[in-house]
Amino acid sequence: MKRNTLIAIAAAGAVIAGGTIGGVALASGSGGGEQELRGTEQAAAAVDISDRDDDRDDRDDDAEREQEQGRDQSQDAGQDQGQGQGQGQGQDGDSPYSRVTALALSEAPGFVTDLERDHRDNGTVVWEVDIFGTDGQWYDVEINEDGTEVLRSHLDNDDDDDDDDRQVIPSSGIDIVEAILIAEQHTGAAFKDADLDDDGRHWEIELRGDGYEHEVKVAVATGEVTAYEKENDDD
């Protein structure tokens, strides 16, 4: 763009200079030294105008470059922010809890009511997932530590006819993964297990860290921490 601007300025300068030179020649033909001087001053003024126009166009080009750089930086920042938001929300999507529950639900579709990170006597870590299936039955699913393999899946035949122990399954609100992330953020501790209380209104999460055992209750409907306590971890 700068190259075209300079060509346009040069052309305009030539026209102005040509007109001025012609004026000077006519003035000389009239025999007026004063008019000749005036013509020279006009020529100088024309050159000065051309120079100012050139400087103004250079400033305009610099301003356009700055605007383009600003737009590029803004776009880059927007992309970074979008990536940041993707990862963060992704706390959900990228968390081990979401991977484990997704795999368990692919094995037994339904609603996850309990999740536990269990340390076995042989030194291995296994995720234990309780699911109320879409068929109205309970399932236990065990997942390996990195959440990539179903180790065991079976129908829970441990029937309990006591009406007081009936589990209410909420139809809306936050799920177990979201509740765990809220509890972790609230305490800064490491997750141990989580389960839905019997009335289906709160998630109860247990965490450990800094020598304490933390217990957090999170409302299913709002995601609000409604109760929190910690005590020395004797284990």
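Residues numbered from 1 in each chain as written. Predicted model: local features only at pLDDT ≥ 70, side-chain atom pairs only at ≥ 80, totals over all residues. Heavy atoms only, no water.

Draft legend 1. Region of the structure containing the overall build of the protein. Helix and strand counts for the protein stand at 4 helices and 8 strands. Helices and strands in the protein line up, N terminus first, as α-α-α-β-β-β-β-α-β-β-β-β. Across the 235 residues of the protein, 27% fall into the buried class. Expressed as a percentage of contacts within the protein between residues at least 6 apart in sequence, the contacts between residues at least 24 apart total 41%. A total accessible area of about 14900 Å² is found for the protein, and carbon and sulfur atoms account for 45% of it. (Helix = DSSP H or I, 4+ residues; strand = E, 2+ residues; numbered from the N terminus. Buried < 20%, exposed > 50% of the residue type's maximum accessible area, 1.4 Å probe, protein only. Contact = heavy atoms within 4.5 Å. Areas by Shrake-Rupley, 256 points an atom, 1.4 Å probe, with all protein chains shown as cover.)

Draft legend 2. Focus on helix 4 (residues 176-187). Taking 1.5 Å per residue, 12 residues should reach 16 Å; helix 4 reaches 17 Å between its end C-alpha atoms and fits that length. Those residues of helix 4 that sit buried are I176, V177, A179, I180, L181, A183, E184 and T187. The distance from a side-chain oxygen at the start of helix 4 to the backbone nitrogen of V177 is 3.2 Å, and the residue carrying that oxygen is D175. Two residues or fewer past helix 4, G188 is found with a positive phi of approximately 75°. (Expected span 1.5 Å × (residues − 1). Polar contact = N/O pair within 3.5 Å; in protein donor to acceptor, adjacent residues only side chain to side chain.)

Draft legend 3. Layout of the pairing of strand 5 (residues 190-196). The pairing of strand 1 (residues 110-119) with strand 5 spans 3 bridges and is classified as antiparallel. Bridging across to strand 5, L115 finds its partner in A194. Here strand 5 runs beside strand 6 (residues 202-209); their pairing, made up of 6 bridges, is antiparallel. Bridge pairing links D195 to E204 in strand 6. Taking the residues that link successive antiparallel strands as the turn, the strand 5-strand 6 hairpin has 5 residues, and the phi of G200 there is positive, at about 70°. (Pairing = 2+ DSSP bridges.)

Draft legend 4. Quick peek at unusual backbone geometry. For D210, which is not glycine, the phi dihedral falls at a positive 60°. Mapping D210 onto the fold places it in the loop between strand 6 and strand 7 (212-219). On the basis of relative accessible area, D210 is assigned to the exposed category, the value being 74%.

Draft legend 5. Examining the pattern of salt bridges more closely. If you walk through the whole model with that rule in mind, you get 9 salt bridges. Notably, a salt bridge pairs R120 with E142, separated by 3.5 Å at the nearest N-O pair. You can see R120 sitting in the loop between strand 1 and strand 2 (125-133) and its partner E142 sitting in strand 3 (residues 138-144), a full 22 residues away along the chain. Of the charged contacts in the structure, one is a salt bridge between R208 and E213, with a shortest N-O distance of 3.3 Å. (Salt bridge = Lys/Arg side-chain N within 4 Å of Asp/Glu carboxyl O.)

Draft legend 6. Looking closely at the packing of aromatic side chains. Here the structure, examined in full by the defined rule, presents 5 aromatic pairs. Both rings, one in F111 and one in W203, keep their centres 6.1 Å apart while their planes meet at 15°; by these two values the pair is stacked. Of this pair, F111 sits in strand 1 while W203 sits in strand 6, and the two are 92 residues apart along the sequence. On the accessibility criterion, F111 (21% relative accessible area) is partly exposed. Three or more aromatic residues joined by ring pairs make a cluster, and in this case those are Y97, W127 and F191. Over the aromatic face of Y212 sits the side chain of K230, whose NZ or CZ is 4.4 Å from the ring centroid. (Phe/Tyr/Trp six-rings, centres within 6.5 Å; stacked < 30°, edge-to-face > 60°. Lys NZ or Arg CZ within 6 Å of the ring centre and 35° of its normal.)

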